[in-house]
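What the coordinates show
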Amino acid sequence: MSVRRLDPSQPASFTFSADNEAWARATIAKFPEGKQASAVIGLLWRAQEQSGGWLPEPAIRTVGEMLDMAHIRVLEVATFYTMFQLSPVGKKAHIQVCGTTPCMLRGSEALIEACKKRINEQPHKLSPDGNFSWEEVECLGACVNAPLIQVGNKLYEDLTPETLGDVMDAFARGETPEAGPRIERDFSAPIGGATTLNQPGFYEELAVRFADTGNSAGAEPVASPPDENKSNAGPAAALNEAVKVTGPDTARGASSIAAGAATAALTLAGTDASATSAADEADEAGKPAALAGPRGGQADDLKRISGVGPKIEGILNELGIFHFDQVANWSRETTQWVDNYLSFKGRIDREDWIAQARKLAAE
Ligand code: FES
């Protein structure tokens with residue numbers, strides 16, 4: 001881990017833009033009286049985004065003043081977490097290579113060598129064209145997909161020096177490459193497909209156990225084997241469903257995916273053929289107005305909304321949502337509906353999709 005110091009060259013001042021100021025005030029107001037300092041990471045992150053990917057000292061000071069925190073307390077946060085950059089970073093991408101043990105054992109040293117060769121021998125220094133910078137960081141929380149890098153809020157996983165080169169080529173072209181593994185697997189699912197919850201007789205055994213524990217009168221078991229004719233039936237589908245809603249854009253633990261998969265599997269096992277999907281059960285009130293297809297055959301790139309990755313974009317498209325202005329016009333009720341549908345409570349508000357969409361729609 002490198003020593004983290006403020007950059008010797010700093011701008012004279014920092015002021016949040018009007019939009020970011022409004023967002024910051026709304027975020028602070030979400031915390032109970034006396035606990036406003038809890039908004040510090042969110043505000044620092046927004047200040048970093050506004051400052052071209054790094055956090056100048058005046059921005060740290062401004063956030064401290066807004067939260068009524070001692071300057072040293074905000075500095076402690078900003079200098080501790082490697083999500084905050086203390087010096088200017090590459091215009092196209094700042095590459096954070098995980099160098100902790102699992103990633104090291106799976107080849108992170110080769111990734112670091114590739115960064116040294118293509119960007120700069122030294123971490124935190126810019127490439128000759130100013131487009132890239134890199135650093136080594138500690139565990140990024142996705143060790144199952146080692147080795148990996150983080151750029152902004154996206155992880156690029158199961159890398160080799162060659163596939164890292166492909167990711168960098170895409171950034172160099174001005175694209176934001178799709179996050180996730182660079183080998184044939186779905187997120188952190190096993191290579192080659194599911195290896196658990198698919199044993200022959202699994203559902204039959206589950207049915208007997210349910211009957212033993214939940215129905216001593218000897219009535220029909222409450223669990224049923226999956227209906228082979230149902231497109232969404234079976235443990236592998238349950239696992240896929242759990243992974244689908246978890247998404248690659250946030251740091252995630254294997255336990256949350258496993259818990260989601262188990263819940264989904266038990267839900268499927270415990271319902272009969274008339275069971276309905278989560279979407280069917282959702283309250284119709286607030287359901288967003290759907291388009292049959294993108295206007296003019298050209299959908300907006302919804303992934304430009306921070307918090308929307310390729311999977312979520314696909315789900316939104318399935319709902320008939322293709323354009324920024326559709327998201328920009330969501331009512332409170334619609335936001336709630338989509339929130340429930342995507343099964344990640346509060347994310348739309350937390351990432352302020354509507355304000356982001358308004359800005360993007362206006363471009
Ligand atoms: S060791 Fe690299 S993500 Fe955990």
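It should be noted that the structure appears before, not after, this text.
Not measured: the values here are computed from a predicted model.

A closer look at helix 7 (residues 161-172)
Look at helix 7: 16 Å from first C-alpha to last across twelve residues, which is about the 16 Å you get at 1.5 Å a residue. Inspection of helix 7 places Thr163, Leu164, Gly165, Val167, Met168, Ala170 and Phe171 among the buried residues, and these make up the whole buried set. Of the residues one or two after helix 7, Gly174 is the one with positive phi, at around 90°.

Focus: the side chain of Arg4
Structurally, Arg4 can be placed in the segment before helix 1 (18-29). No salt bridge forms around the buried Arg4; measuring N to O, its nearest opposite-charge neighbour Glu135 is 4.4 Å away. Only 3.1 Å separates the side chain of Arg4 from the backbone oxygen of Ala78, close enough to count as a polar contact. Only 2.6 Å separates the side chain of Arg4 from the backbone oxygen of Thr79, close enough to count as a polar contact. The residues touching Arg4, leaving out its near neighbours within four places in the chain, are Ala78, Thr79, Phe80, Tyr81, Thr82, Phe84, Leu86 and Glu135.

Remarks on the packing of helix 6 (residues 108-118) against helix 7
Relative to each other, helix 6 and helix 7 sit at 40°, their axes nearing to 9 Å. As far as their axial angle goes, helix 7 and helix 6 are oblique. For helix 6 against helix 7, the interelement crossing comes out right-handed. Between helix 6 and helix 7, the contacting residues are Ala110, Leu111, Ala114, Cys115 and Arg118 on the first element and Pro161, Leu164, Gly165, Met168, Asp169 and Ala172 on the second. Looking at the contact of helix 6 with helix 7 residue by residue, the class counts come to eight nonpolar, one polar and two charged.

Here we look at the environment of Leu140
Topologically, Leu140 is positioned in the loop between strand 2 (132-137) and strand 3 (149-151). Between the C-alpha atom of Leu140 and that of Thr82, which follows or precedes it by 58 residues, the distance is 10.0 Å.

Structural notes on the sheet that holds strand 1 (residues 93-98)
Spatially, the five strands line up as an open sheet ordered 2-1-3-4-5, and their pairing is mixed. In this open sheet, the two edge strands, each paired with only one partner strand, are strand 2 and strand 5 (180-181). On the sheet, helix 6 packs against strand 1, strand 2 and strand 3 and is oriented at approximately 155° with respect to strand 1.

Points about the nonpolar core
Ranked by size, the top nonpolar core spans 22 residues in total, and within it Val40, Leu43, Leu44, Leu55, Val63 and Leu67 carry the most contacts. When contributions to this core are tallied by element, the ones reaching two or more residues are helix 1, helix 2 (40-50), helix 3 (57-66) and helix 4 (71-80). Contact partners of Leu67, with chain neighbours within four places excluded, come to Ile28, Gln36, Ala37, Ala39, Val40 and Leu43. By size, the runner-up hydrophobic cluster in this structure holds 20 residues, among which are Leu316, Ala328, Trp337 and Ala357.

Quick word on the pattern of salt bridges
Close approach of charged atoms allows side chains with opposite charge to pair. Going through the model one piece at a time under the given rule, you end up with 14 salt bridges. Residue Arg25 pairs with Glu21 through a salt bridge whose shortest N-O separation is 3.0 Å. Note that Arg25 and Glu21 are positioned in helix 1 at a spacing of four residues, about one turn of the helix. Arg25 sits in the partly exposed class, given a relative accessible area of 44%. It is possible to trace a salt-bridge network through shared partners that takes in Asp301, Lys303 and Glu313.

Brief notes about the packing of helix 3 against helix 4
Interhelical geometry of helix 3 versus helix 4 gives an angle of 125° and a closest axis separation of 9 Å. Of the possible angle classes, the one that applies to helix 3 and helix 4 is oblique. Relative to helix 4, helix 3 is oriented so that their crossing is right-handed. Where helix 3 abuts helix 4, its residues Glu57, Ile60, Arg61, Val63 and Gly64 lie against His71, Val74, Leu75 and Ala78. Looking at the contact of helix 3 with helix 4 residue by residue, the classes come out as five nonpolar, two polar and two charged.

Overview of unusual backbone geometry
For the bond running from Ala146 to Pro147, omega is -5°, close enough to zero to count as cis. With respect to the element layout, Pro147 can be found in the loop between strand 2 and strand 3. Despite not being glycine, Asp68 shows a phi value in the positive range, around 55°. Locating Asp68 in the fold gives a position in the loop between helix 3 and helix 4. Backbone geometry at His124 places phi at a positive 65°, although glycine is not the residue there. Following the sequence through the fold, His124 ends up in the loop between helix 6 and strand 2. Given a relative accessible area of 27%, His124 falls into the partly exposed group.

Re the packing of aromatic side chains
Evaluated as defined, the whole model comprises five aromatic pairs. Each ring, one from Phe14 and one from Phe16, has its centre 5.1 Å from the other, and the planes form 80°; the classification is edge-to-face. Judged by relative accessible area, which is 13%, Phe14 ranks as buried. Residue classification places Phe16 among the buried residues on the basis of a relative accessible area of 7%. A ring pair is formed by Phe80 and Tyr81, whose centres lie 4.9 Å apart and whose planes are at 90°; its orientation type is edge-to-face. Sitting over the face of the ring of Trp23, Arg46 holds its NZ or CZ atom 4.0 Å from the ring centroid. One Lys or Arg, Arg118, reaches over the ring of Phe132 and ends 5.9 Å from the middle of that ring.

Conventions used here
- Residues numbered from 1 in each chain as written.
- Predicted model: local features only at pLDDT ≥ 70, side-chain atom pairs only at ≥ 80, totals over all residues.
- Heavy atoms only, no water.
- Helix = DSSP H or I, 4+ residues; strand = E, 2+ residues; numbered from the N terminus.
- Expected span 1.5 Å × (residues − 1).
- Buried < 20%, exposed > 50% of the residue type's maximum accessible area, 1.4 Å probe, protein only.
- Lys, Arg positive; Asp, Glu negative; His and termini not counted.
- Salt bridge = Lys/Arg side-chain N within 4 Å of Asp/Glu carboxyl O.
- Polar contact = N/O pair within 3.5 Å; in protein donor to acceptor, adjacent residues only side chain to side chain.
- Contact = heavy atoms within 4.5 Å.
- Axes fitted to C-alpha atoms, helices over the stretch in contact; angles between N-to-C directions.
- Parallel < 35°, antiparallel > 145°, perpendicular 65-115°, else oblique.
- Left-handed = near helix turned anticlockwise from the far one by under 90°.
- Nonpolar A, V, L, I, M, F, W, Y, C, P; charged D, E, K, R; others polar.
- Pairing = 2+ DSSP bridges.
- Core = buried A, V, L, I, M, F, W, Y, C linked by side-chain atoms within 4.5 Å.
- Phe/Tyr/Trp six-rings, centres within 6.5 Å; stacked < 30°, edge-to-face > 60°.
- Lys NZ or Arg CZ within 6 Å of the ring centre and 35° of its normal.

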